[in-house]
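The residues making up each chain are set out below.
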Amino acid sequence: MQEFQKRLDESINKLTEIVSRCNTEELIGYIAVSILASSNGDLIGQSGLSSPLKQYLYLGGLTLSTAQLQEEIEFDEVTISKINDLLEDIVYSHSLLFFPSEDTEITDSWRKARQVSMPVFLNYFNTAPLNYSNQLLERIDRWFMQYDAVVKDICSISVKEMIEIYHHIERSLQDIVFDTSNSEDNFIQQLESQIKDVEQGNISFEEFMSPSSPAAQAALDMYEQSSKFNQISISELKKVFDNDVIDKFVENFSLVREQREFKYYTQENPFENAPLWKKSEDTLYCVHPKLLLNAIFNFLYKTMEKSQQKENWYKHRDKQAEDQTINILKKIFGENAEYFPSVFETAKSQNEHDLVIRYGDKLFIVEVKASKFKEPFRDPDKAYNRIRNDFRSEGGLQKAADQGYKLKKLILSQDETNLYNQNGDIITVVNRDTIQEIFIFCITAENTGIIGANLSLLLQKENNEPYPWSCNLFDLDTLLDGFVYKGLSSAQFIEYIRVREKLHERFLSSDELEIAGYFLRYGNFNKLLESKATHYFFTPDMANIFDEIYFEKNGIPFESEESSEPYMVDVREKLIEIIGTTDNVVKTSAKKISTWEKKKRKNKLAKSQRKKNRKR
């Protein structure tokens, strides 16, 4: 732990020293350009960073929390390279927490704690929200709009006002891009026209070079338009919205550059909470509109959790998550299925289940959990205990699975099973002989990472029971949109779930869309079924197919990369290779991590930006 802290502090201090001498606009502008470039390129490859979006957000937070010294350094490729190297070392240093020191006794419990806590920790702190703007806007509308007056009373700005201002800022930034593009086209036309005039003798070279020439004026206009990139005028906002409302918006979602208490990568980042840099009294600098939308969602979540309406809001949130789950699943099952939301096993409203779907001879038991995922501790053993307890809590995946298994066992134990509504009325009767397969879905509002994608890490179940399928709502929506868009049928989705169950323990991924992306790309899991590998490591680029679909549907050009195949490995052999036998455990230093471990770490960390377009 001491080695970790020493290395971490050294890297942060070096980075802070560089940042303190960098021009704010150059550094924040660099972050903005880098994030924008990720829409059509490989930011991981370009930057050399493993989790660029989260690392750039950390850089932004550190920049705006460090006073700028008068003696500036040149912000060139050398400086950028130093910054990126230090950002990568800071992220990498956190992985040292999970490796043994010289005097560590490596036991089965030690291994188990790190097998779970390391990927969860790294995924939590290295992954930005993975959703599309329209998905997050829908969630804000569903979860918070009903409490518009409550938020207004507490914050002096309503949910509706925040979203309207967000949309106005987004449109304004789009208009600036459009106007700049037009001014660039005009400059090229004027320049070509004047060159032709010079060649034909219509104007002199002196007239061509004159600052008042059409081409020169067009160049000036182009420069003025491009200088407005990412910038929003507060006074212009006040022409559209109430002055006090804008003041509150600026207060909550913008930062001036000044010294503040922010140092560590795992701290709450002020720049994520307020991603608008207040460049001057009248100018806000917006790195990317999606970051602002993320901040609005987090602000509203915290506001409702602190309000007197907290418990009522939790119930509303849970109900909205259940309703949305039904709407999403209807995309694949359509009107040919029967949907029974909020059913009970008895007429006395005992043992509730969020949703039961009957689709031909298939039955789907769907349990929905909307609780927030708790931040893991830095200490691996404490982190493991918190992750495990969260997993087994009332709002956790263990509870969801137990509910599903309980109903499944009841249905299989008798010829007919009555399901009731809250009033005690029978709403359907399940005849055991008409059901050939029963699937259990554990749907979460939050991204649960690897412990959701591979439930075998923590789930307790009977040996003969298959694993449920777990997926978060955003990914469920994207996944089924992809299946429908690619023309895959409900039968193919069921086959995906069926084989997913069979190979469940072998999948090592923090993102269901990587696994589903592989299935969509190749049409099946046959190659994995034929493999003797004990585990499959999926890389983020396997989810690119969903970005392709999203952009194609919206008519936006997109440069797709060729997806790699899963890294298939026999972990048993690798464990022997890396840490030796039980009797002679090799005390592997973090400085001597094998090539295989480095490759795995790179794939694990490379989440936020490789799934680049889901932040848009």
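It should be emphasised that the depicted structure is a prediction, and the values quoted were computed from it without experimental measurement.

Calculation rules
- Residues numbered from 1 in each chain as written.
- Predicted model: local features only at pLDDT ≥ 70, side-chain atom pairs only at ≥ 80, totals over all residues.
- Heavy atoms only, no water.
- Helix = DSSP H or I, 4+ residues; strand = E, 2+ residues; numbered from the N terminus.
- Buried < 20%, exposed > 50% of the residue type's maximum accessible area, 1.4 Å probe, protein only.
- Contact = heavy atoms within 4.5 Å.
- Areas by Shrake-Rupley, 256 points an atom, 1.4 Å probe, with all protein chains shown as cover.
- Phe/Tyr/Trp six-rings, centres within 6.5 Å; stacked < 30°, edge-to-face > 60°.
- Core = buried A, V, L, I, M, F, W, Y, C linked by side-chain atoms within 4.5 Å.
- Pairing = 2+ DSSP bridges.
- Patch = residues over 30% accessible without salt bridge, like charges linked within 9 Å, V, L, I, M, F, W, Y side chains within 5 Å.
- Salt bridge = Lys/Arg side-chain N within 4 Å of Asp/Glu carboxyl O.
- Lys, Arg positive; Asp, Glu negative; His and termini not counted.
- Charge placed at Lys NZ, Arg CZ, Asp CG, Glu CD.
- 1 Å grid on protein atoms, 1.4 Å probe; cavity = no way out; pocket = protein on both sides within 12 Å on 5 of 7 lines; lining within 4 Å.
- Points joined across faces, edges and corners; volume = space filled by probe spheres on them.
- Nonpolar A, V, L, I, M, F, W, Y, C, P; charged D, E, K, R; others polar.

K.L.:
Before we go on, may I ask you to explain the overall build of the chain in this structure?
P.N.:
From N to C terminus, the chain includes 26 helices and 14 strands. Within the chain, the fraction of its 616 residues that count as buried is 54%. Pairs at least 24 residues apart make up 75% of the contacts formed inside the chain by residues separated by at least 6 positions. When the accessible surface of the chain is summed, it comes to about 28,000 Å², and 47% of that surface belongs to carbon and sulfur atoms.

K.L.:
What is the right way to look at the packing of aromatic side chains in this model?
P.N.:
Each pair of aromatic rings is reported with the distance of its centres and the angle of its planes. Throughout the structure, instances matching the rule amount to 44 aromatic pairs. For the ring pair Trp143 and Trp313, a centre distance of 6.3 Å and an interplane angle of 75° mean the geometry is edge-to-face. Taken together, the positions of Trp143 in helix α7 (residues 133-144) and Trp313 in helix α16 (residues 310-333) put the pair 170 residues apart, joining distant regions of the chain. The same class applies to Trp143 as to Trp313, namely buried.

K.L.:
It is not clear to me how the nonpolar core should be interpreted in this structure. Could you clarify?
P.N.:
Burial of nonpolar side chains together is a common tendency in soluble globular proteins. Membership of the largest hydrophobic core comes to 93 residues, with the highest contact counts inside it found for Phe333, Phe493 and Tyr496. With residues near it in sequence (within four places) discarded, Phe493 still touches Ile332, Phe333, Phe441, Trp469, Leu479, Leu480 and Phe483. Core analysis: the next-biggest nonpolar cluster, separate from the first, contains 47 residues, Phe121, Ala274, Tyr285 and Leu291 among them.

K.L.:
Would you take a moment to explain the pairing of strand β7 (residues 362-369) for this structure?
P.N.:
Within a regular strand, the side chains alternate between the two sheet faces. Judged by how many residues are buried, β7 sits mostly within the fold: 8 of 8 residues are covered. Side chains Lys362, Phe364, Val366 and Val368 project from β7 onto one buried face, and the interleaved Leu363, Ile365, Glu367 and Lys369 project onto a second face that is buried too. Where strand β6 (residues 352-359) meets β7, 5 bridges bridge the pair, whose relative direction is antiparallel. Directly across from Tyr359, in β7, lies its bridge partner Lys362. The antiparallel hairpin formed by β6 and β7 contains 2 residues in its connecting segment, where Gly360 sits at a positive phi of about 60°. Here β7 pairs with strand β10 (residues 437-444) via 8 bridges, running parallel. Bridged to Glu367 within β10 is Cys442.

K.L.:
What exactly am I supposed to notice about a negative patch on the surface here?
P.N.:
Where like charges cluster on the molecular surface, the negative patch consists of Asp175, Asp179, Asp221 and Glu224. Of all elements in the fold, only α9 (159-199) and α11 (214-226) reach the threshold of two or more residues within the negative patch. Structurally, Asp179 is set in helix α9. Taking the relative accessible area as the measure of exposure, Asp179 reaches 34% and is therefore partly exposed.

K.L.:
Explanation requested: unusual backbone geometry in the structure shown.
P.N.:
In the Ramachandran plot, Ser342 falls in the positive-phi region, its phi being about 50° despite a non-glycine side chain. Turning to its location among the elements, Ser342 is positioned in strand β5 (residues 338-344). Residue Ser342 is classed as partly exposed on the basis of its relative accessible area of 26%. Even without a glycine there, the phi angle at Asn351 is positive, about 55°. Accessibility expressed as a relative area gives 36% for Asn351, which makes it partly exposed.

K.L.:
Looking at this model, I keep getting lost on empty space enclosed by the protein. Mind explaining?
P.N.:
Gaps left between atoms show up when a probe the size of a water molecule is rolled over them. What the rule picks out here adds up to 4 cavities of 30 Å³ or more. Lining the largest cavity are 13 residues, and of these Asn447, Thr448, Gly449, Asn472 and Glu512 sit closest to its centre. Listed by contribution, the elements that provide at least two residues to the lining of the largest cavity are α19 (450-453) and β11 (469-472). When residues of the lining of the largest cavity are assigned to their parent elements, the largest contribution, 3 residues, is made by β11. Size it by volume and the second largest cavity reaches roughly 40 Å³. Forming the boundary of the second largest cavity are Tyr405, Lys408, Ile438, Phe439, Ile440, Pro466, Tyr467, Pro468 and Glu501. Those elements giving two or more residues to the lining of the second largest cavity turn out to be α18 (397-412) and β10. A per-element tally of the lining of the second largest cavity places β10 first, with 3 residues. Taken together, the residues that form the lining of the second largest cavity break down as 7 nonpolar, no polar and 2 charged.

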